Amino acid sequence: MTKKVLITGMSGLIGGVLKEHLLQVGDYELTALNRRVVEGVRTVRADISDLESISPAFEDQDTVVHLAAYLGSQDWEGQHASNVLGTYNVFEAARRAGVKRVIFASSGNAIRGFERIPPYSDIAAGNYEKVRPNFRRLTHHDVRPEALYGAAKVWGEALARHFSDDYGMSMICVRIGSVTQGDRPRTMRENAIYLSQRDVATHLKACIDAPDDLKFDVFFAVSNNKWNYRDLTHPKEVLGWEPEDSADDYPFKG
């Protein structure tokens, strides 16, 4: 049965990758909620900071994938308009329209603050000789945001829990790793947190297709990197998702 999927921020890198993947595998009717036209799909042009203007895009949709975000890490005005108010507006518009599931693009920045301390600081810096075997990988229960951007993503996760608990919606949060235009790690840190374009697409599709009784959860999304410090046991067990790629095939060497 064809699923109707609304994607915010489809003109971005991840949005474009997901669009092409879903169109290729079929059985999805896509709509973009975007500030500019996205070729090849129906586009509703509106800004997520305006609840009333975006609301028509949510009518008759089965799932919303909320990718639109402002990346200026310490710009409060931008964070507030897009990642605080905008995220609320997307969730609320989905609720009003009776959308059953929203997938929220959270970020590894929700836990990036752990990179201030060992062993995560050593992993991020590429000082692998200082890292003890069997160190504790961070789980989806851990929270330590980096900058206003990370804090806004934690707010989005908390807001998703509220919408799930109070309104019975399925709200899935994905702490996305580093997806790059060149599909390769660009820094030493990205050797650990790299997420291939293929892996982000299959992860988000797994969230779209997850059982209806999955009402709330938080998942990490990174590729199968040797120095990954984010526990992937949870998405493997709940979603049946396995990353296919690895930063180790083309590591950044400085």
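Keep in mind that what you see is a predicted model, and the values were worked out from it rather than measured. (Residues numbered from 1 in each chain as written. Predicted model: local features only at pLDDT ≥ 70, side-chain atom pairs only at ≥ 80, totals over all residues. Heavy atoms only, no water.)

Enquirer: Give me the lowdown on the overall build of the protein chain, citing residues and values where you can.
Expert: Helices and strands together make up the secondary structure of the protein chain, namely 8 helices and 7 strands. Taken over the C-alpha trace, the protein chain has a radius of gyration of 18 Å; the compact-globule value for 254 residues is 18 Å, and the two agree within 12%. The principal-axis extent of the C-alpha atoms belonging to the protein chain is close to 55 × 35 × 35 Å. In the protein chain, buried positions account for 56% of the 254 residues. (Helix = DSSP H or I, 4+ residues; strand = E, 2+ residues; numbered from the N terminus. Rg over C-alpha atoms; globule rule 2.2 N^0.38 Å. Buried < 20%, exposed > 50% of the residue type's maximum accessible area, 1.4 Å probe, protein only.)

Enquirer: Describe a nonpolar patch on the surface, naming the residues involved and giving the relevant values.
Expert: Taken together, Leu85, Tyr88 and Trp155 make up a surface patch of nonpolar side chains, about 250 Å² in accessible area. As for its placement among the helices and strands, Trp155 is situated in helix H5 (residues 147-167). (Patch = residues over 30% accessible without salt bridge, like charges linked within 9 Å, V, L, I, M, F, W, Y side chains within 5 Å. Areas by Shrake-Rupley, 256 points an atom, 1.4 Å probe, with all protein chains shown as cover. Salt bridge = Lys/Arg side-chain N within 4 Å of Asp/Glu carboxyl O.)

Enquirer: Account for the pairing of strand S2 (residues 28-34), naming residues and giving values.
Expert: Each regular strand carries side chains that alternate between the two faces of the sheet. The element S2 is extensively covered by neighbouring structure, given that 6 of its 7 residues are classed as buried. Here 6 bridges tie strand S1 (residues 3-8) to S2, and the two strands are oriented parallel to one another. Bridge pairing in S2 places Leu6 opposite Thr31. You can see the chain leave S1, run along helix H1 (residues 13-25) and come back into S2, and the turn it takes is right-handed. When S2 meets strand S3 (residues 42-45), the two strands line up parallel, connected through 4 bridges. Pairing of Ala32 across the sheet is with Thr43, part of S3. (Pairing = 2+ DSSP bridges. Right-handed = clockwise from strand over helix to strand, strands pointing away.)

Enquirer: Would you mind going over H1 in detail, with residue names and values included?
Expert: Between its first and last C-alpha, H1 extends 19 Å over 13 residues, near the 18 Å set by a 1.5 Å rise per residue. Listed as buried for H1 are Ile14, Gly15, Val17, Leu18, Lys19, His21 and Leu22. Taken together, the buried residues of H1 touch S1, S2, strand S4 (63-66), strand S6 (170-176) and helix H7 (197-208). (Expected span 1.5 Å × (residues − 1). Contact = heavy atoms within 4.5 Å.)

Enquirer: Talk me through the environment of Val5; I want residue IDs and the actual numbers.
Expert: Note that Val5 resides in strand S1. Residue classification places Val5 among the buried positions, given a relative accessible area of 0%. Considered as a pair, Val5 and Lys19 are 14 residues apart in the sequence and their alpha carbons are 10.0 Å apart.

Enquirer: Which residues make up the sheet that holds S4, and what are the values?
Expert: Ordered in space as S3-S2-S1-S4-S5-S6-S7, the 7 strands form an open sheet in which the pairing is parallel. Of all strands in the sheet, those bounded by a partner on one side alone are S3 and strand S7 (216-221). When the angles between neighbouring strand axes are averaged without regard to direction, this sheet yields 20°. Bridge count for S6 against S7 is 6 bridges, and the pairing is parallel. In the strand pairing of S7, Val174 is matched with Phe219. Contacting S1, S4, strand S5 (101-107) and S6, helix H3 (residues 76-97) crosses the sheet at an angle of about 175° to S4. Along the sheet face, H5 touches S5, S6 and S7 and points at about 160° away from the line of S5. (Axes fitted to C-alpha atoms, helices over the stretch in contact; angles between N-to-C directions.)

Enquirer: Tell me what's going on with the packing of H1 against H7, and back it up with residues and numbers.
Expert: The N-to-C vectors of H1 and H7 enclose an angle of 65°; their axes lie 9 Å apart at closest approach. Considered as vectors, H1 and H7 are oriented roughly perpendicular to each other. Along this stretch, H1 crosses H7, giving a crossing that reads as right-handed. Residues Leu13, Ile14, Val17, Leu18, His21, Leu22 and Val25 of H1 form the contact with H7, whose participating residues are Gln197, Val200, Ala201, Thr202, Leu204, Lys205 and Ile208. Across the contact of H1 with H7, the residue classes tally to 10 nonpolar, 3 polar and 1 charged. (Parallel < 35°, antiparallel > 145°, perpendicular 65-115°, else oblique. Left-handed = near helix turned anticlockwise from the far one by under 90°. Nonpolar A, V, L, I, M, F, W, Y, C, P; charged D, E, K, R; others polar.)

Enquirer: I'd like a description of the side chain of His66, backed by residues and values.
Expert: Summarising the element assignment, His66 is placed in strand S4. When its relative accessible area of 1% is taken as the criterion, His66 is described as buried. A polar atom in the side chain of His66 sits 2.8 Å from the side chain of Thr8. Beyond its immediate sequence surroundings of up to four residues, His66 is in contact with Thr8, Ile48, Gly86, Thr87, Val90, Phe91, Ile103, Phe104 and Ala105. (Polar contact = N/O pair within 3.5 Å; in protein donor to acceptor, adjacent residues only side chain to side chain.)

Enquirer: Please set out the pattern of salt bridges residue by residue, giving values where relevant.
Expert: Applying the stated criterion across every chain yields a total of 18 salt bridges. For Glu115, the salt bridge identified is with Arg189, shortest N-O distance 2.7 Å. Note that Glu115 is positioned in the loop between S5 and helix H4 (120-125) and Arg189 in the loop between S6 and helix H6 (190-193), a separation of 74 residues in sequence. By relative accessible area, Glu115 is classed as buried at 13%. Its salt-bridge partner being Lys205, residue Asp209 comes within 2.8 Å of it at the nearest N-O pair. Beyond isolated ion pairs, a larger network of salt bridges with shared partners links Glu52, Glu92, Arg95 and Arg96.

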